[in-house]
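This is what each chain is made of:
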Amino acid sequence: MKSYEIAKSLYSDLGVDTEAALDALATIPISVQCWQGDDVAGLERVGAKLEGGGLAATGNYLGKPRNGDELRADLDVAVEHIPGPVRLNLHACYAEKNGSDVDRDAYTVDLYDRWIDWASVRKIGLDFNPSYFSHPLAADGLTLTHPEESIRRFWINHGKACRKIGEEMGRRLGSRSTVNVWIPDGSKDTPADRLTPRERLSASLDEVFSETLDSNLVEDAVECKLFGIGSESYVVGSHEFYYGYAIKNQKVLCLDSGHFHPTETLADKISSTLMYVPAVLLHLSRGVRWDSDHVVILEDPTKAVAEEIIRYGLTDRIRFGLDFFDASINRIAAWVIGTRAAKQALLLALLQPNEELCRLEATRDFTARLALQERMKTLPFGLVWEEFCNRQSTLTEGRWLTEVRAYERDVLAAR
Ligand SMILES: [Mn+2]
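Just so we're clear, the structure is a prediction, and the values are computed from it rather than from any experiment. (Residues numbered from 1 in each chain as written. Predicted model: local features only at pLDDT ≥ 70, side-chain atom pairs only at ≥ 80, totals over all residues. Heavy atoms only, no water.)

## As for the state of the cysteines
For the structure shown, the criterion picks out zero disulfides. A disulfide-free cysteine, Cys34 has its sulfur positioned 6.9 Å from the sulfur of Cys93, the nearest such atom. The structure places no disulfide on Cys254, whose sulfur is separated from the nearest cysteine sulfur, that of Cys224, by 7.8 Å. (Disulfide = S-S within 2.5 Å.)

Right, dumping it as structure tokens:
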């Protein structure tokens, strides 16, 4: 408490109200991705694993969950060590089919009853994603752009089914679900025709989104990508494609940190895209030299994204999500580290003297602006973060890992 009071006073000297920052942080939920828990395997089949889609999970850490109950138990441990509100981001391949032979084009909300029950008890909202990978009809890496009409139809119907599932999740949980469409479609080598697949994708998406649903319960997002394994030369759903589609159709635009050129970052895209699309869904991730989906850490690109959102008061138009999966370290710790880092980035942004920085800029005092930007970096942010953890009844840095280790020893090691 004493150290927080010192931090509070130091920030106050610069006109920053740490109490307001702590209150604001406690209102921003981050949607935690279920797929970090099991290397994107899903629950449709026993022993299912990630197949195709240009995605690769690496590592083989002990204790991978073998069913939905184990995955949810692991999630409970992670959520316990994440201060403040979270949501859960679920992929369609986490359906629990209980022996039913229903395929993805006809999935219904009852396949997710156990997830909804889990979320309901914990007062957590659910977000949702159609799964356009790990399926025989996606084996050649083409889904909504497939040249065969019947295969395209199957995936269109999957998208339609998922929107209705998202709407029902929103209704049952009293919290709007963001349903995000990402497809892997592309070409390993230089294509002869880049146009026709894009025309097919546009037409397929129009069909997926054709039914008007309750916008208080569900919203549609679309996610671009630069390349994937097996789609190095061409991705149908590029940034320009989806940016145009989202503007034209007023959809939420999903920006994934790993889905652009390695030196290209998301921060500068926020203020531009929000001029033309209703909202942005963030998939915070960390690409190391490629779209490697490393665990999010408190690094400059993530901090810059948070600053852009907080400075202009845009949190209502941002959906905060994570997209990484790493099986080379304890999967639960990966969830905790990545989500805490994202929240720390938000807290740092909330602790910026934004009015003063803008005032200095308006008076063209760029010397003082730079000096103040640098000064902020030496303030005791960690003490304010500890206070946030304490107020949210969550263990501080350096303490939560002991608990995760105990669970690893008692539960994960026995699987
Ligand atoms: Mn993503």
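Picking up where we left off.
## Examining the nonpolar core
Counting residues in each nonpolar core, the largest one holds 74 residues, and the members touching the most others are Leu144, Leu205, Tyr242, Ile270 and Leu282. A total of nine residues in this core trace back to one element, the largest contributor, which is helix 10 (residues 331–350). Excluding residues within four positions of it along the chain, Leu282 makes contact with Leu255, Leu266, Ile270, Val305, Ile309, Ile318, Arg319, Phe320, Gly321 and Leu322. Listed in part, the 48 residues of the second largest apolar core include Leu75, Cys93, Ala119 and Phe133. (Core = buried A, V, L, I, M, F, W, Y, C linked by side-chain atoms within 4.5 Å. Buried < 20%, exposed > 50% of the residue type's maximum accessible area, 1.4 Å probe, protein only. Helix = DSSP H or I, 4+ residues; strand = E, 2+ residues; numbered from the N terminus. Contact = heavy atoms within 4.5 Å.)

## Let's talk about the pattern of salt bridges
Tallied over the full model, the rule gives 34 salt bridges. Asp69 serves as the salt-bridge partner of Arg72, at 3.1 Å between the closest nitrogen and oxygen. Taken as a pair, Arg72 and Asp69 lie in helix 3 (residues 68–80) at a separation of three residues, close to a single helical turn. With relative accessibility at 44%, the residue Asp69 sits in the partly exposed group. (Salt bridge = Lys/Arg side-chain N within 4 Å of Asp/Glu carboxyl O.)

## Points about the coordination of the manganese ion
All of the protein donors around the manganese ion are Glu223 (OE), Asp256 (OD), His283 (ND1) and Asp323 (OD); their distances to the metal are 2.0 to 2.3 Å. Mapped onto the sequence, the residues coordinating the manganese ion show the spacing E-x32-D-x26-H-x39-D. You can see Asp256 sitting in strand 8 (residues 252–256) and its partner Asp323 sitting in the loop between strand 10 (318–322) and helix 10, a full 67 residues away along the chain. Like Asp323, Asp256 is buried. (Donors = N, O, S within 2.8 Å, 3.2 Å for Na, K, Ca; no water.)

## Some words on the packing of helix 10 against helix 14 (residues 400–410)
Running from N to C, helix 10 and helix 14 point in directions that differ by 160 degrees, and their axes come no closer than 10 Å. The orientation of helix 10 relative to helix 14 falls into the category roughly antiparallel. Every pair of crossing elements has a handedness; the one defined by helix 10 and helix 14 is right-handed. Contact residues: helix 10 offers Ile332, Ala333, Val336, Ile337 and Arg340, while helix 14 offers Trp400, Leu401, Val404 and Tyr407. Grouping the amino acids of the contact of helix 10 with helix 14 by side-chain chemistry returns eight nonpolar, no polar and one charged. (Axes fitted to C-alpha atoms, helices over the stretch in contact; angles between N-to-C directions. Parallel < 35°, antiparallel > 145°, perpendicular 65-115°, else oblique. Left-handed = near helix turned anticlockwise from the far one by under 90°. Nonpolar A, V, L, I, M, F, W, Y, C, P; charged D, E, K, R; others polar.)

## Here we look at helix 2 (residues 18–25)
If you check which residues of helix 2 are buried, you get Thr18, Ala21, Leu22 and Leu25. Angular distribution of buried residues about the axis of helix 2 spans 95 degrees; they occupy a single face of the element. The elements touched by buried residues of helix 2 are helix 1 (2–12), helix 10 and helix 13 (381–391). The backbone nitrogen of Glu19 has a side-chain oxygen 2.9 Å away, supplied by the residue at the start of helix 2, namely Asp17. (Arc of directions from axis to C-beta. Polar contact = N/O pair within 3.5 Å; in protein donor to acceptor, adjacent residues only side chain to side chain.)

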